[in-house]
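Next come the chains, spelled out residue by residue.
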Amino acid sequence: MTAGLDPRVAQLLAWVERAGGPSYPAMGAAAARAHYERVATTLDIAPAELATVEDLAVALPGRTLRVRHYVPREHGWAEPMPALLFFHGGGFTIGSVDTHDRICRMLARQADCVVLSVDYRLAPEHRFPAAADDAFEMLDWVRRESGALGIDPARLAVGGDSAGGTLATASAIHARDRGWPLVLQLLIYPGVSGRQTSASHHDFARGFLLDVDVVSWFFANYVRDDLDRDDWRFSPISHPDLRGVAPVWMAIAGFDPLRDDDRAYAARLREAGVALAVDEYPGMVHAFFQHGGFVPTARRAHADAVGALRRAFGTA
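Residues numbered from 1 in each chain as written. Predicted model: local features only at pLDDT ≥ 70, side-chain atom pairs only at ≥ 80, totals over all residues. Heavy atoms only, no water.

With 13 residues, helix α1 (residues 7–19) should cover 18 Å at 1.5 Å per step; its first-to-last C-alpha distance of 18 Å lies within 8% of that length. Burial in α1 covers these residues: Val9, Leu12 and Leu13. An end-on view of α1 places all buried positions within 100 degrees of arc, on one side of the element. Away from the buried face of α1 by more than 90 degrees, exposed residues Pro7 and Arg18 are located. Trailing α1 by a residue or two, Gly20 shows a phi angle of about 60 degrees, which is positive. (Helix = DSSP H or I, 4+ residues; strand = E, 2+ residues; numbered from the N terminus. Expected span 1.5 Å × (residues − 1). Buried < 20%, exposed > 50% of the residue type's maximum accessible area, 1.4 Å probe, protein only. Arc of directions from axis to C-beta.)

Glancing now at the sheet that holds strand β7 (residues 248–253). If you walk across this open sheet you meet the eight strands as β1-β2-β4-β3-β5-β6-β7-β8, and the pairing is mixed. Every other strand in the sheet has two partners, leaving β1 (52–60) and β8 (276–281) as the edge strands with one partner each. In this sheet, adjacent strand axes meet at a mean angle of 20 degrees when their direction is disregarded. For strand β3 (residues 81–87) and strand β5 (residues 151–161), the ladder comprises six bridges, and the chain directions are parallel. Directly across from Phe87, in β5, lies its bridge partner Gly160. Docked against the sheet, helix α7 (residues 163–178) engages β3, β5 and β6 (184–188), running at close to 140 degrees with respect to β5. Against the sheet, helix α10 (residues 259–271) makes contact with β7 and β8, and its axis sits at roughly 155 degrees relative to β7, the strand it touches most. (Pairing = 2+ DSSP bridges. Axes fitted to C-alpha atoms, helices over the stretch in contact; angles between N-to-C directions. Contact = heavy atoms within 4.5 Å.)

Ranked by internal contacts, the top residues of the largest apolar core, which has 67 residues, are Leu85 and Met138. Among the elements that make up this core, the one with the highest residue count is helix α5 (residues 130–144) (eight residues). Among residues more than four places away in sequence, those in contact with Met138 are Val58, Leu60, Leu65, Val67, Leu85 and Val118. Leu5, Leu107, Tyr281 and Phe313 belong to the second-largest nonpolar core, a separate cluster that totals 44 residues. (Core = buried A, V, L, I, M, F, W, Y, C linked by side-chain atoms within 4.5 Å.)

Val214, Val215, Trp217, Phe218, Phe219, Asn221 and Tyr222 are the residues of helix α9 (residues 212–222) that are buried. The inward-facing, buried residues of α9 abut α2 (24–27), α3 (29–39) and α5.

Let us look at the side chain of Asp134. Of note, Asp134 is situated in helix α5. Judged by relative accessible area, which is 0%, Asp134 ranks as buried. Here Arg63 takes part through its side chain, which lies 2.7 Å from a polar atom of the side chain of Asp134. What Asp134 contacts, discounting residues up to four positions off in sequence, is Leu60, Arg63, Leu65, Tyr120 and Arg121. (Polar contact = N/O pair within 3.5 Å; in protein donor to acceptor, adjacent residues only side chain to side chain.)

Here it is as structure tokens:
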């Protein structure tokens, strides 16, 4: 089952196995978050220097969200920049703007765009559809505040990895339904199905970083009942009509439990006539995008993502 696994990834998996320790479900949400905060940047790229990196407190109805604002260079407000609204991964339970800070810095610098990274509410304290509500309302906020932020609302993209990819995907459907233009969905091994029934969930159930019991735990933390698993805000592949959603760039990892779900969603997008570019990274596992300091293929994926953003923004 491991034939074709990237040697650097195989070494990483061996380290993880040797380290042992309790799984996220055994830790519980609070300890799992703290652990992920400690280890998330271990194999990540070095943080890029930018003109502005600041945390904003965005007031939404009934709550305030932290949003990290990245600006790669000084620019005049008369020349607004393109922007990416980014949602971090972590199964709706762990992760933060801090765990994905280096990725967002890289995207801002190399794609020459503003990035707004959202600390949406996490489960199990905030169950479905809390994270989706945060994503939708943040998209509306960015559009309304684009002038103050120096953002070109005609060059706005959404993106994220894993659960953040779920939120980006759902946000693109939401935007289509409201007539809000988006130039790209940047989807990094996104979660698109509320069911763990595809072959890759079985084939890569254990030993490839994202184990089946962890996925089950993430889902159980977030959904309120079984009906939520088929709601398109959690399971975008369940939406009956994907026509007219924003163009997509999707990264798929070859040894990822989500692989077959992502391929199926890509097929749905093609059938719906959506402009789509898919890059598969055969020897990679889930979360490899955050291993660019150790895995060369991750850095290639970064370049592919940047290229997709630049093409969508018209700056390639």
